[in-house]
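Summary of the model geometry
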Amino acid sequence: MEQFVAELNLYTVAFLLVAGFVACFIDSTVGGGGLISAPALLALGMPVPLALGTNKLSASTGAFTSILSFWRAGKINKIALYFMPLSFIGSAVGAYVVYLLPEELMKNIIVVMLVAVAVYTYFRKDWGDVASKEELGTKEYIAVAIMALGLGFYDGFFGPGTGSFLIFGFLFLGCDFVTAAGNAKALNFASGIGALMSFALSGSVVWIYGVIMAIGMIFGAIVGSRMAIKKGAAYVRPLYLLVTSVLIGKQVYEILFK
């Protein structure tokens with residue numbers, strides 16, 4: 001870890017800031033920013049555990065900034081905030097039992113689920129343009145509790161596609177696309193903190209790199225979330241389908257060629 005601190009220079013700082021901004025610009029709306037930020041850290045020569053832990057630090061900061069923007073715009077339901085502790089607990093447990101299932105099995109399952117999510121969303125052309133329910137009832141509360149705990153566990157355990165699954169879940173419960181994105185970001189933030197604590201306890205965080213990337217992510221989160229709030233479903237929906245498709249491609253590539 002001292003090696004990376006010693007190698008820190010102006011180029012590295014600029015690289016981390018730009019990568020953080022671009023990653024969180026996307027992540028603040030539909031998730032998937034880890035497709036940019038994690039490889040950026042790996043490109044600097046970080047071992048995988050350090051890259052994942054450092055990425056959780058910066059991503060959690062960006063996610064918190066996104067939550068503030070969505071909350072101020074009234075695009076986060078209180079139900080998502082109520083169940084953030086379940087996401088936190090699920091993620092911490094998931095990170096702890098990370099070797100419970102073979103990674104290849106998880107990749108195969110996730111590809112199928114992501115394809116199903118993308119196809120369903122694509123053919124529901126007007127899905128998420130407006131909220132189909134003004135208020136969420138008891139059934140929805142139970143569903144969000146299960147989703148928070150289950151996807152929190154998944155985020156700590158494996159991770160890819162968590163944002164896509166959360167947005168899909170909130171759309172299914174009747175939220176519009178922008179509110180679904182805000183709710184998803186709230187739960188994703190909590191699960192990120194749970195995983196971050198596990199990484200930090202194992203010494204897998206390069207703090208100075210994470211803080212620098214977090215600065216870029218804060219600005220990316222502000223710009224990305226404001227654009228989503230301003231432009232609505234017409235902007236969020238295609239971006240959601242694009243990021244989900246990239247996630248599918250990444251998982252298929254890893255199954256076939258790694």
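Everything here concerns the structure above.
Residues numbered from 1 in each chain as written. Predicted model: local features only at pLDDT ≥ 70, side-chain atom pairs only at ≥ 80, totals over all residues. Heavy atoms only, no water.

**Considerations on the overall build of the protein chain**
Check the secondary structure of the protein chain and you find 12 helices and zero strands. Starting at the N terminus and walking to the C terminus, you meet the elements of the protein chain as α-α-α-α-α-α-α-α-α-α-α-α. Within the protein chain, buried positions represent 51% of all 258 residues. Long-range contacts, defined here as pairs at least 24 residues apart, represent 84% of the contacts in the protein chain between residues at least 6 apart. Of the roughly 12,000 Å² of accessible surface on the protein chain, a fraction of 71% belongs to carbon and sulfur atoms. (Helix = DSSP H or I, 4+ residues; strand = E, 2+ residues; numbered from the N terminus. Buried < 20%, exposed > 50% of the residue type's maximum accessible area, 1.4 Å probe, protein only. Contact = heavy atoms within 4.5 Å. Areas by Shrake-Rupley, 256 points an atom, 1.4 Å probe, with all protein chains shown as cover.)

**Side note on the nonpolar core**
Membership of the largest hydrophobic core comes to 46 residues, with the highest contact counts inside it found for Ile167 and Phe170. Within the residue set of this core, elements represented by two or more residues are α2 (10–30), α4 (48–72), α5 (78–82), α7 (103–123), α8 (138–157), α9 (162–172), α10 (177–201) and α12 (233–257). Take this core: its biggest share by element is nine residues, from α10. By size, the runner-up hydrophobic cluster in this structure holds 15 residues, among which are Leu16, Leu41, Met46 and Tyr209. (Core = buried A, V, L, I, M, F, W, Y, C linked by side-chain atoms within 4.5 Å.)

**Side note on the packing of α8 against α10**
Remark: α8 packs on α10, axes separated minimally by 9 Å, with the N-to-C direction vectors making an angle of 45°. Between α8 and α10, the interaxial angle falls into the category oblique. Like other packed secondary-structure pairs, α8 and α10 cross with a definite hand, here right-handed. For the pair α8 and α10, the contacting residues are Ala148, Gly152, Asp155 and Gly156 in the first and Leu187, Asn188, Ser191, Gly192 and Ala195 in the second. (Axes fitted to C-alpha atoms, helices over the stretch in contact; angles between N-to-C directions. Parallel < 35°, antiparallel > 145°, perpendicular 65-115°, else oblique. Left-handed = near helix turned anticlockwise from the far one by under 90°.)

**Things to note about the pattern of salt bridges**
Counted under the stated rule, the structure contains two salt bridges. Across the pair Lys185 and Asp27 runs a salt bridge, and its minimum N-O distance is 2.6 Å. Highlighted residues: Lys185 in helix α10 and Asp27 in helix α2, separated in sequence by 158 residues. Per residue, the accessibility class of Lys185 equals that of Asp27, and both read buried. (Salt bridge = Lys/Arg side-chain N within 4 Å of Asp/Glu carboxyl O.)

**What about the packing of α2 against α12?**
α12 packs onto α2 with a crossing angle of 110° between their chain directions and a minimal axis gap of 10 Å. Here α12 runs roughly perpendicular to α2, going by the angle between their axes. Across the interface between the two elements, Phe25, Ile26, Thr29 and Val30 from α2 touch Tyr235, Val236, Leu239, Tyr240 and Val243 from α12. A breakdown of the residues in the contact of α2 with α12 according to their chemical character gives eight nonpolar, one polar and no charged. (Nonpolar A, V, L, I, M, F, W, Y, C, P; charged D, E, K, R; others polar.)

**Structural notes on helix α3 (residues 34–43)**
Every buried residue of α3 is accounted for by Ser37, Ala38, Ala40 and Leu41. Viewed along the axis of α3, the buried residues span an arc of 155°, placing them on a single side of the element. Buried residues along α3 sit against α2, α4 and α11 (207–231). Immediately beyond the C-terminal end of α3, within one or two residues, lies Gly45, with a positive phi of roughly 95°. (Arc of directions from axis to C-beta.)

**Re the environment of Arg237**
For Arg237, the location among the structural elements is in helix α12. A relative accessible area of 10% means that Arg237 is categorised as buried. Sequence separation between Arg237 and Thr121 is 116 residues; the distance between their C-alpha atoms is 8.5 Å.

**A short note on the packing of aromatic side chains**
Summed over all chains, the structure comprises eight aromatic pairs. Seen from their ring centres, Tyr11 and Phe15 are 6.2 Å apart, and the 20° between their planes marks the pair as stacked. With Tyr11 and Phe15 both in helix α2, this residue pair falls four residues apart, about one helical turn. An angle of 40° between the planes, with centres 5.6 Å apart, marks the rings of Phe64 and Phe189 as tilted. Taken together, the residues Phe64 in helix α4 and Phe189 in helix α10 connect sequence positions 125 residues apart. (Phe/Tyr/Trp six-rings, centres within 6.5 Å; stacked < 30°, edge-to-face > 60°.)

These figures come from the coordinates and say nothing about function on their own.
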